[in-house]
Amino acid sequence: MKKFKEILNYEFSFTDDISISVKGLLFVILVIVLTSVVLKLIKRILTRNLPKDDRAKFDTVFSYGKWIVYLIFLLITLNAIGFNVTGVFAASAALLIGVGLALQTLFQDIISGIFILLDQSVHVGDIIELDGKVGRVEEIKLRTTRAVTIDNKVLVIPNHLYLTNSLFNWTQNGTLTRENVEVGVAYGSDVQLVKKLLLQAANSHPEVIKVPEPLVVFTDFGDSSLNFKLIFTLNDSFKATFQKSDIRFEIDRLFRENNITIPFPQRDIHIKNK
């Protein structure tokens, strides 16, 4: 037993100021093993619900972060057993501050990318609106998200924008979305006929879903018109601009055939002569 204690207390001397005992070395190894087990457990918890492709992306980032955690725990452990690591801490802190300031935006993008993968708020194929731009998500990377707009332009979105802007996910609740077309008619028009023609325009379009059925809302008495909103459901909101255009063409045709006037703003100007 005495000999075993002597072995544990035996010290390896590197310089006059730097030495480590066998007991301290075993403690360092134990800390590294425990850290490895805890990291694997955390990784398993975080990735259990991720799709295969997203899990692979997360593994790449996690592998880099794992070595940083190992380094931090190693330095803390060495300091706890009396190993002089003050100089290493000071150099590491200065280096990390410099790198952090230089790559601040890059780190924000990567951290945001990790949040996106874990939160699953955006998936490939979703139609999103961010900062007034609409696109269908084609690929989610750790630093950027690649989306294609309706006019087939590639939209590259830095992931940190998800944290600083309001994101609208048009298709998270499904591909069906409610759209609307607003129109005003002249005072004195038959409002029931207007309602009938608006519903006819919506129901005649092949892309409009029948259930829930389209509806018309009389929104307001405007300055120059009676204002209506035609509400309908589409299965592909990404192309809603074209479908709403078709419905407007049909509304204009039906109104002309039934003598319904779409007014323009008018003002009476009175000129007084002195």
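Preceding this paragraph is the structure being described.
Now for a description of the structure that goes with this document. (Residues numbered from 1 in each chain as written. Predicted model: local features only at pLDDT ≥ 70, side-chain atom pairs only at ≥ 80, totals over all residues. Heavy atoms only, no water.)

1. Some thoughts on the side chain of Q243
Secondary-structure assignment places Q243 in helix α8 (residues 240-257). On the accessibility criterion, Q243 (7% relative accessible area) is buried. Among all residues touching Q243, those that are not within four sequence positions of it are H205, E207, L234 and D236. (Helix = DSSP H or I, 4+ residues; strand = E, 2+ residues; numbered from the N terminus. Buried < 20%, exposed > 50% of the residue type's maximum accessible area, 1.4 Å probe, protein only. Contact = heavy atoms within 4.5 Å.)

2. Describing the pairing of strand β5 (residues 144-148)
Extensive coverage of β5 is indicated by the burial of four of its five residues. Between strand β4 (residues 133-140) and β5, which pair antiparallel and follow one another directly, the connecting turn spans three residues. Judged from the five bridges that link them, β5 and strand β6 (residues 154-158) form a sheet pairing that is antiparallel. Each bridged residue has a counterpart across the sheet, and for R146 the counterpart in β6 is V156. The loop that links β5 with its antiparallel partner β6 comprises five residues; one of these, N152, has a positive phi angle of about 65 degrees. (Pairing = 2+ DSSP bridges.)

3. Examining the packing of helix α7 (residues 191-203) against α8
When two helices pack together, their arrangement is given by the angle between the helix axes and by the axis-to-axis distance. Packing of α7 against α8 leaves a shortest axis separation of 9 Å and a crossing angle of 140 degrees. Classified by the angle between their axes, α7 and α8 sit oblique to one another. The two elements α7 and α8 meet at a crossing, and its hand is right-handed. Between α7 and α8, the contacting residues are V194, L197, L198, Q200 and A201 on the first element and I247, E250, I251, L254 and F255 on the second. Here the contact of α7 with α8 is built from residues that sort into eight nonpolar, one polar and one charged. (Axes fitted to C-alpha atoms, helices over the stretch in contact; angles between N-to-C directions. Parallel < 35°, antiparallel > 145°, perpendicular 65-115°, else oblique. Left-handed = near helix turned anticlockwise from the far one by under 90°. Nonpolar A, V, L, I, M, F, W, Y, C, P; charged D, E, K, R; others polar.)

So yeah, pure geometry; function would need other evidence.
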